[in-house]
Amino acid sequence: MTKKYILGLFRDEEPLLHAVHELRKEGNMIHEVYTPFPVHGLDEALGYKRSRLPRAAFLFGCVGFTLGLSMQAWMLGVDWPMNIGGKPALAWVDFVPVTFELTVLITALGMVATYLVSSDFIPGNEPKMPDPRITSDVFCIAIPVEGASATVGSRLRQLGAEVQEKEVEL
Amino acid sequence: MFESPTRRPLITGKTSYSQITEDIIKPIEAKPTKWWYLGFTVSLAALGLWLVSVTYLLFTGVGVWGLNKTVDWGWDITNFVWWVGIGHAGTLISAVLLLFRQKWRTAVNRSAEAMTIFAVVCAGSYPLLHAGRPWLIYWVFPLPNTYGSLWSNFNSPLLWDVFAISTYLTVSLVFWYVGLIPDLATIRDRAVGIRRKIYGLMSFGWNGSAKGWQRFESVSLILAGLSTPLVLSVHTIVSFDFATSVIPGWHTTIFPPYFVAGAVFSGFAMVQTLLIIMRKSMRLEQYITLNHIDVMNKIILVTGSIVGSAYITEFFIAWYSAVPYEQYAFANRMFGPYWWAYWTMMTCNVITPQLFWSRKLRRSLTASFIISIFVNIGMWFERFVIIVTSLHRDYLPSSWLMYSPSWVEICMYIGSLGLFFTLFFLFAKFLPVIAAAEVKSIYKTSSEEEIAKTAAKEGLDLREAHAHTKGAH
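Model, not experiment: these values are computed from the prediction.

Attention shifts here to the overall build of chain A. A count of helices and strands for chain A gives 5 helices and 4 strands. Its helices and strands in sequence order give chain A the pattern β-α-β-α-α-α-β-α-β, from N to C terminus. Here chain A has a C-alpha radius of gyration of 25 Å; the compact-globule value for 170 residues is 15 Å, and the former is much larger. Over its C-alpha atoms, taken along the principal directions, chain A stretches across nearly 80 × 30 × 30 Å.

Structure follows, in structure tokens:
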């Protein structure tokens, strides 16, 4: 679904960050900011809440840990305990390496899958980007025209941006 | 964010965000150079050798190797540990250096991680192929079956290895790929036609949004936090293959830290070998600077010293314990029939890294390259010495035997180098060898131009400042 956006294009991250601060202070609604690399301080400037991926990772970790430990305990403790030199069937210390590895594996795979799904990163998806140069050296603030103040374009120019109006799906 | 201008620059010369894109992405879009074709052909030939020897092995059986009842692990397991060890540098660079906020990792992490993945693939071929019936290797996994459901032996380090190596390969692959996505999008946005379709598919719709970068950094941090204990655990578990046995020279508690340090040592040496050539042939000297080479050599020095200390400790404990079997194991290593392997190992691993105390040698490309080759050779001999000398003469003299590799083992080893380099050449041609977005993110704080600007603002004389810091980072 395409919409009209006012795009403020920058060539450097310092004026971009400054512009974001100013625009937000003046009450403008920024749809999103696009950059060629992660800019420190940008998430705070945009008021983004911290990602919940670490929480997802922790949950997957618990799953992996439980899976690893209970799998070994059931297989060697309940289903088919084996007499290996008279040693105890539930050798908890021996179960540590596999439990650890499964915890790491499930955490990594689970978190990355969550990351891809939550970001809508499916192979073949078209990128929802205002300008193809963003992945090289252009920084872009996208403000939806609908609901934007009339002076936002000139304010952006004042803050050092090259201003464009585009109808695009973001 | 302010960064002291007395730190040495990580990006030299004149460049810009778009120039960084050009320098890194251009080689992918251009036709392969004749050097690439030469290297790729040689690697492919060696890979062919691998295919021939592996096919012969699979059809005829493990008897075509030089192993015997006494020395039942030879070149196969030596090569396995050698390759796994090499893989550890990539994970250390990506993960551990991310946690320690070392900006210099950005120029080398992509190729080091690729090296890790290819090294682990080569490593993994050995446990698979050394099995009597490799087509039944899935039996190692605890899958329900018709044998009563006979489960795996979770008490065995050999099984822990299965989980460790599988996890290591998977997590490294995932970490590498997640980091690649933004750079693949860069290629996509410059491409047309088929190339655009392919890189578009591979970049999953990446759009450079602030939310996207926030999640990206979060995932990278957590993967780094996971990979760090993972890399420590993997080589520890590999060392347990030996340490949990009872034979002299193997049954020692020093193995886990010794092996992990040795792995980082040989891994960084391989990174140096690859990068010194790659930066020249792909004209990336501005990004993979002498400062990077210097600091990686320091890591080689540190880990080489740890390995050297481990040798001394082992030797001391053998003497101090007054256990005749342990003492014989080391006397045999030094003066027995494999003395030449032992002394090669000692020269290459103990003496050569100490040369890196010299700043001149640390910053010399020729010296770094030669020393890195020696370290790799030395670390191969270390695994050979540990495995073969302890096996060929343990407690019972009537079982003592000699071992030498058959042509199949030698060809498989050369072939594994072919497999590794074929994959690496493909990587260098089709994927960005430097993490372009990450290098851009350190441009403001760490490039020569920007540091000069900051210094001018602060009124600092950089030549004097750098003279005092003497390459410190």
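This next bit is on the overall build of chain B. Helix and strand counts for chain B come out as 17 helices and 0 strands. Its C-alpha radius of gyration of 24 Å places chain B within 12% of the 23 Å reference for a compact globule of 473 residues. Reported as C-alpha extents along the three principal axes, the dimensions of chain B are approximately 75 × 55 × 40 Å. Sorting the 473 residues of chain B into buried and exposed places 50% on the buried side. For chain B, the share of sequence-separated contacts (at least 6 apart) that also reach a separation of at least 24 residues comes to 83%.

Glancing now at the domain arrangement of chain A. Each domain of chain A was delimited in the assignment, giving domain 1 (3-50 + 127-168) and domain 2 (53-118). Look at where the C-alpha atoms of domain 1 of chain A and domain 2 of chain A centre, and you get two points 45 Å apart.

For the rest of this paragraph, the subject is the interface of chain A and chain B. By a widespread convention, an interface's size corresponds to the accessible area lost as its parts come together. In this assembly, 56 residues from chain A lie in contact with 49 residues from chain B. Of all elements in the fold, only β2 (32-34), α2 (42-46), α3 (53-79) and α4 (92-118) of chain A reach the threshold of two or more residues within the side of chain A that touches chain B. No other element matches α4 of chain A, which puts 16 residues into the side of chain A that touches chain B. Grouping the amino acids of the side of chain A that touches chain B by side-chain chemistry returns 37 nonpolar, 10 polar and 9 charged.

Here the focus is the pairing of strand β3 (residues 139-144) of chain A. Residues and elements named next belong to chain A. Most of β3 sits out of view: 5 of its 6 residues are buried. Here strand β1 (residues 3-10) runs beside β3; their pairing, made up of 6 bridges, is antiparallel. Directly across from I6, in β3, lies its bridge partner I143. One ladder, built from 3 bridges, connects β2 with β3; its direction is antiparallel. Paired with V33 across the bridge in β3 is I141.

The subject of this paragraph is the sheet that holds β3 of chain A. Residues and elements named next belong to chain A. The strand order across the open sheet formed by 4 strands is β2-β3-β1-β4, and the pairing between neighbours is antiparallel. The open sheet is flanked by β2 and β4 (162-168), the only strands paired with a single partner. Taken pair by pair, the neighbouring strands of this sheet meet at an average axis angle of 25 degrees, ignoring direction.

Turning our attention to helix α8 (residues 255-281) of chain B. Residue and element names in this part refer to chain B. Between its first and last C-alpha atoms α8 spans 39 Å; for 27 residues at 1.5 Å apiece the expected length is 39 Å, and the two agree. Buried residues dominate α8, accounting for 20 of its 27 residues. Of the residues trailing α8, R283 is marked for its positive phi of about 55 degrees.

Along the chain, W104 of chain B falls in the loop between α3 (75-99) and α4 (105-129). For the pair W104 of chain B and L423 of chain B, spaced 319 residues apart in sequence, the C-alpha separation works out to 25 Å.

What follows deals with the nonpolar core. Counting residues in each nonpolar core, the largest one holds 179 residues, and the members touching the most others are V20, M111 and C140 of chain A together with V271 of chain B. If you tally residues by element for this core, the top one is helix α5 (residues 157-190) of chain B, at 15 residues. When we break this core down by domain, the ones giving at least three residues each are domain 1 (3-50 + 127-168) and domain 2 (53-118) of chain A. For C140 of chain A, the contacting residues outside a window of four places in its chain are L7, G8, L9, V33, Y34, P130, D131 and I134 of chain A.

Let us now look at the packing of α3 of chain B against helix α13 (residues 365-392) of chain B. All names here are of chain B. Between α3 and α13, the shortest axis-to-axis distance is 9 Å and the interhelical angle comes to 140 degrees. The angle between α3 and α13 places the two elements in the oblique class. Considering the relative orientation of α3 and α13, their crossing is right-handed. For the pair formed by α3 and α13, the contact residues are I77, T78, V81, W82 and G85 on the first element and M379, W380, R383, F384 and I387 on the second. Residue composition of the contact of α3 with α13, grouped by class: 7 nonpolar, 2 polar and 1 charged.

Rules of the game
- Residues numbered from 1 in each chain as written.
- Chains lettered and ligands numbered in written order.
- Predicted model: local features only at pLDDT ≥ 70, side-chain atom pairs only at ≥ 80, totals over all residues.
- Helix = DSSP H or I, 4+ residues; strand = E, 2+ residues; numbered from the N terminus.
- Rg over C-alpha atoms; globule rule 2.2 N^0.38 Å.
- Buried ≥ 20, exposed ≤ 12 C-beta atoms within 10 Å, placed from the backbone.
- Contact = placed C-beta atoms within 7 Å.
- Domains from an automatic or database assignment.
- Nonpolar A, V, L, I, M, F, W, Y, C, P; charged D, E, K, R; others polar.
- Pairing = 2+ DSSP bridges.
- Axes fitted to C-alpha atoms, helices over the stretch in contact; angles between N-to-C directions.
- Expected span 1.5 Å × (residues − 1).
- Core = buried A, V, L, I, M, F, W, Y, C linked by C-beta atoms within 7 Å.
- Parallel < 35°, antiparallel > 145°, perpendicular 65-115°, else oblique.
- Left-handed = near helix turned anticlockwise from the far one by under 90°.

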